[in-house]
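# Examining the three-dimensional arrangement
So the chains spell out like this:
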Amino acid sequence: MTARIERVVTEGTVDVDGVEHEVENNTWIVGDDEEVIVIDPARDAEAILAKVGEREVLAVVCTHGLPDHVGAAIEVAARDEAVVALHPKDRPLWRRTWPETWPDIDMEDEGVFGVADVELEVMSTPGVSQGGVSLYCEALSAVFTGKTLQADGPGRIGGEYPALADQLTAIGGRLFTLPHATRVLPAHGEETTVGALEPQFDDWLSGSLIRRQESGENGAEGPLTDGTKAAGIRLDLRDQ
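Residues numbered from 1 in each chain as written. Predicted model: local features only at pLDDT ≥ 70, side-chain atom pairs only at ≥ 80, totals over all residues. Heavy atoms only, no water.

Here we come to the pairing of strand E7 (residues 112–115). Only one face of E7 is covered, namely the face carrying Phe-113 and Val-115; the face carrying Val-112 and Gly-114 is uncovered. With four bridges connecting them, E7 and strand E8 (residues 118–124) associate as antiparallel partners. Paired with Val-112 across the two strands is Glu-121, which belongs to E8. What sits between the antiparallel neighbours E7 and E8 is a turn of two residues, in which Ala-116 has the positive phi angle 50 degrees. (Buried < 20%, exposed > 50% of the residue type's maximum accessible area, 1.4 Å probe, protein only. Helix = DSSP H or I, 4+ residues; strand = E, 2+ residues; numbered from the N terminus. Pairing = 2+ DSSP bridges.)

This is the structure we're talking about:
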């Protein structure tokens, strides 16, 4: 069977200072008609497992440990006794959602997950969180970037960049070395390509992101894509 990529968009309403916002998260499923890997299982296990159907879940892989992206991890993994994988530096974030359990696998840079007839290579891409990773599938010409890189640029936490220098280093040194046709499949929002985003990199390096942050320009996001902001989460990355 030939592997393919599927997306499940889960959403929920959260209250921020008395105003309700719709928050959307992407969960990605990679596999064939027999087996799959689930990436970033957010919030709604029932919807994710409905998309999986009768296929076997081999692994649940979390690109980072932020609460709005691992909320369905245990339930999705439990159905088929699948393993849960997370970078060890994001374990403290994981424990904010799952205080009584740990992931089964500590991911490391250049690790590989196999499913169907393809492989997913782990790429360390810290910045939004210290243990942030991306998963590159050369055979499917796609990279799952979590919160590291989205269609509107580098991902944020609560509208801020916790470690922008590290994040830009990861984007420029890892993600933008991939072929321009590579699909960028983020944890929030629509997909794009490496080639569509790479020309903006010099502007990011020159400070355009900081200027946008300071001016409060968030762009037209539609449904609130910063689920961490909506949940009122404020992280001190020094504690990770």
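On to the sheet that holds strand E9 (residues 133–137), then. Strand order in this open sheet of six strands is E7-E8-E9-E10-E13-E14, and the pairing throughout is mixed. Each edge of the open sheet is held by one strand with a lone partner, namely E7 and strand E14 (192–193). Pairing of strand E10 (residues 142–146) with strand E13 (residues 183–186) involves four bridges; the strand directions are parallel. Within E13, the position partnered with Ala-142 by the bridge is Arg-183.

Moving on to the pattern of salt bridges. The full count for this structure, using the stated rule, is nine salt bridges. Across the salt bridge formed by Arg-79 and Asp-80, the nearest N and O atoms sit 3.0 Å from each other. For Arg-79, a relative accessible area of 36% corresponds to the partly exposed category. One salt bridge in this structure joins Asp-152 and Arg-156, with 4.0 Å as the shortest N-O distance. Residues participating in the shared-partner salt-bridge network are Arg-4, Glu-6, Asp-33 and Arg-55. (Salt bridge = Lys/Arg side-chain N within 4 Å of Asp/Glu carboxyl O.)

Turning next to the environment of His-188. Here His-188 shows up in the loop between E13 and E14. When its relative accessible area of 1% is taken as the criterion, His-188 is described as buried. Sequence spacing of His-188 and Thr-145 is 43 residues, and the spatial spacing of their C-alpha atoms is 9.7 Å. A distance of 3.2 Å separates polar atoms of two side chains, one belonging to His-188 and the other to His-69. Within the local environment of His-188, its side chain forms a polar contact with the side chain of Lys-147, the two groups lying 3.4 Å apart. (Polar contact = N/O pair within 3.5 Å; in protein donor to acceptor, adjacent residues only side chain to side chain.)

So, about the pairing of strand E3 (residues 35–39). Summarising burial for E3: four of the five residues are buried, a large majority. Read as a crossover between parallel neighbours, the route from E3 over helix H1 (residues 45–52) to strand E4 (residues 56–61) is right-handed. (Right-handed = clockwise from strand over helix to strand, strands pointing away.)

Bringing the packing of aromatic side chains into the picture now. Scanning the entire structure with this criterion turns up five aromatic pairs. Each ring, one from Phe-176 and one from Phe-201, has its centre 5.6 Å from the other, and the planes form 85 degrees; the classification is edge-to-face. Taken together, the residues Phe-176 in the loop between helix H5 (164–173) and E13 and Phe-201 in helix H7 (residues 201–205) connect sequence positions 25 residues apart. Phe-201 matches Phe-176 in its accessibility class, with the two residues each being buried. Of the aromatic side chains, those joined through ring pairs into one cluster are Phe-176, Phe-201 and Trp-204. Of note, Arg-95 hangs over the ring of Trp-102, and the distance from its end group to the ring centre comes to 3.9 Å. (Phe/Tyr/Trp six-rings, centres within 6.5 Å; stacked < 30°, edge-to-face > 60°. Lys NZ or Arg CZ within 6 Å of the ring centre and 35° of its normal.)

Function cannot be inferred from these measures alone, as they are strictly geometric.
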